Amino acid sequence: MSEVADGRILVTGALGQIGTDLVERLREIHGSEMVVASDIREIPDHPCVLNGPFLILDVLSDKILKLVPEENIQTIYHLAAILSANGEVNPELCESINVDGTRNILEAARIHGSRVFIPSSIAVFGPDAPKHAPQITALNPTTKYGMTKVDCEIMGMMYWINHGVDVRGIRYPGIISWKSQVSGGTTDYAVDIFHAALSEGKSYDCFLKADTKLPMMYMEDAIKATISLMDEPLESMSLARCGYNVSGLSFCAEELFSEIKKHIPDFICEYKPDVRQNYADSWPDSIDDSVARKDWNWQPSFELEELVEDMIKNLS
Ligand code: NAD
Ligand code: SER
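### Description of the packing of aromatic side chains
Thinking step 1. Per the stated rule, a full pass over the model turns up seven aromatic pairs.
Thinking step 2. Between Tyr77 and Phe117, the aromatic rings sit 5.7 Å apart at their centres with planes inclined by 45°, giving tilted as the arrangement. On the criterion of sequence distance, the pair formed by Tyr77 in strand 4 (residues 73-78) and Phe117 in strand 5 (residues 115-117) is long-range, its members being 40 residues apart.
Thinking step 3. Taking relative accessible area as the criterion, Phe117 reaches 0% and is therefore assigned buried.
Thinking step 4. Ring geometry for Trp296 against Trp298: centres 6.1 Å apart, planes inclined by 45°, an arrangement best described as tilted.
Thinking step 5. In textbook terms, an aromatic cluster arises when at least three aromatic residues are bridged by ring pairs, as seen for Tyr77, Phe117 and Tyr172.
Thinking step 6. Its end group placed over the ring of Trp160, Arg241 keeps NZ or CZ at 3.9 Å from the ring centre.

### Observations regarding the site of ligand 1
Thinking step 1. Around ligand 1 lies a shell of 26 residues, among which Gln17, Asp39, Arg41, Tyr145 and Lys149 are the nearest.
Thinking step 2. Contact distances for ligand 1 include 2.9 Å between a nitrogen atom and a side-chain N or O atom of Asp58.
Thinking step 3. In the environment of ligand 1, an oxygen atom lies 2.5 Å from a nitrogen or oxygen atom belonging to the side chain of Tyr145.
Thinking step 4. Considered on its own, ligand 1 offers 830 Å² of accessible surface; in the complex 91% of this is hidden by protein.
Thinking step 5. The set of elements that each furnish at least two residues to the shell around ligand 1 consists of helix 1 (17-30), strand 6 (120-121), helix 6 (144-163) and strand 10 (174-176).

### Description of the pairing of strand 1 (residues 8-12)
Thinking step 1. Most of strand 1 is tucked away: five of the five residues are buried.
Thinking step 2. Burial along strand 1 is two-sided: the residues Arg8, Leu10 and Thr12 and Ile9 and Val11 are all buried.
Thinking step 3. In the sheet, strand 1 pairs with strand 4 via five bridges, with the strands oriented parallel. Opposite Leu10, over in strand 4, you have Ile76 as the bridge partner.
Thinking step 4. Of the strand pairs in this sheet, strand 1 and strand 2 (residues 35-39) are connected by three bridges, and their pairing is parallel. Looking across to strand 2, one finds that Leu10 is bridged to Val36.
Thinking step 5. A crossover connection joins strand 1 to the parallel strand 2 through helix 1; in handedness this β-α-β unit is right-handed.

### Let's talk about unusual backbone geometry
Thinking step 1. Backbone geometry at Lys202 places phi at a positive 50°, although glycine is not the residue there.
Thinking step 2. Along the chain, Lys202 falls in the loop between helix 7 (189-197) and strand 11 (203-206).
Thinking step 3. Positive phi values are uncommon outside glycine, yet Asn297 reaches one of about 55°.
Thinking step 4. When you line up the elements, Asn297 lands in the loop between helix 11 (290-296) and helix 12 (304-315).
Thinking step 5. With a relative accessible area of 61%, Asn297 lands in the exposed category.

Conventions we followed
Residues numbered from 1 in each chain as written. Chains lettered and ligands numbered in written order. Predicted model: local features only at pLDDT ≥ 70, side-chain atom pairs only at ≥ 80, totals over all residues. Heavy atoms only, no water. Phe/Tyr/Trp six-rings, centres within 6.5 Å; stacked < 30°, edge-to-face > 60°. Helix = DSSP H or I, 4+ residues; strand = E, 2+ residues; numbered from the N terminus. Buried < 20%, exposed > 50% of the residue type's maximum accessible area, 1.4 Å probe, protein only. Lys NZ or Arg CZ within 6 Å of the ring centre and 35° of its normal. Near = heavy atom within 4 Å. Polar contact = N/O pair within 3.5 Å; in protein donor to acceptor, adjacent residues only side chain to side chain. Areas by Shrake-Rupley, 256 points an atom, 1.4 Å probe, with all protein chains shown as cover. Pairing = 2+ DSSP bridges. Right-handed = clockwise from strand over helix to strand, strands pointing away.

What follows is the structure, encoded as structure tokens:
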């Protein structure tokens, strides 16, 4: 059941934050030629473009229907999306790319028998969910982005139940990484702050309040979770299959700042919350991931101290 016995992998939205790391890891595991990276844009010197097959693919186009058989695609990691902050600025685009784009990918998978990974998000939870969010609770997001992620979880389940498409997904927390810049999200502060700390000015204006706690995860753990989930036998999947809660860390901006300051003592952070504060306030503080732990032995590796050390080492 698990990864590519006789077919290749396609990654959509591959030039984004998660795609950059995921494509590299998948190519290490399966070989470069087995992993086709794609995105709506091309960055000629991006590692995903330089180190293996790369295609321009708009997930809204019907090109995907031809591409899957032509490229012998067995598994699709569908990462193309509009994130929370950009989604509120342009809700129609967010709905179109996140929901219509996902339907297009699922249709191609249904017709050609591919497996699909579709990331969900902590943004599926709304202000009425418990602050330590359980796997099963009411999903009443107040952001457009969160609504599209709930739609995609439901759509994934429908393709599994009605058509037998092997769809799986994880509700990623805010992902922290160093290989790419981030933009368009609410949890971006936790990446931007490192770049600011290591810049000449050594100061950062944080767009969330000091005490806003959010679920977060280091990229290495996110990639481990993604690949472990896709490697699991079909029988391990429960009804959470399209949106497993996974927990890594949970901290507020002040705690992250204090940990960075241990390495860069003259670093300054000021808190100037903007509209993204509202989105963060509507999300949980932490995540109960006991179902993922039970179904596929999920276990995070990185604590805050180690994450900060690794980020600073790699960005320095
Ligand atoms: P990102 O914004 O960094 O990358 C998204 C990529 O999609 C970009 O490279 C963009 O060019 C591409 N794209 C946009 N429109 C497209 C289209 N029409 N066709 C093809 N490609 C298109 O996003 P990311 O952080 O890498 O997130 C990947 C997935 O993980 C998304 O579904 C996102 O919702 C989810 N997620 C991310 C986080 C996080 O903290 N990064 C947290 C929770 C969930
Ligand atoms: N990290 C994402 C964002 O902030 C949540 O899915 O948009």
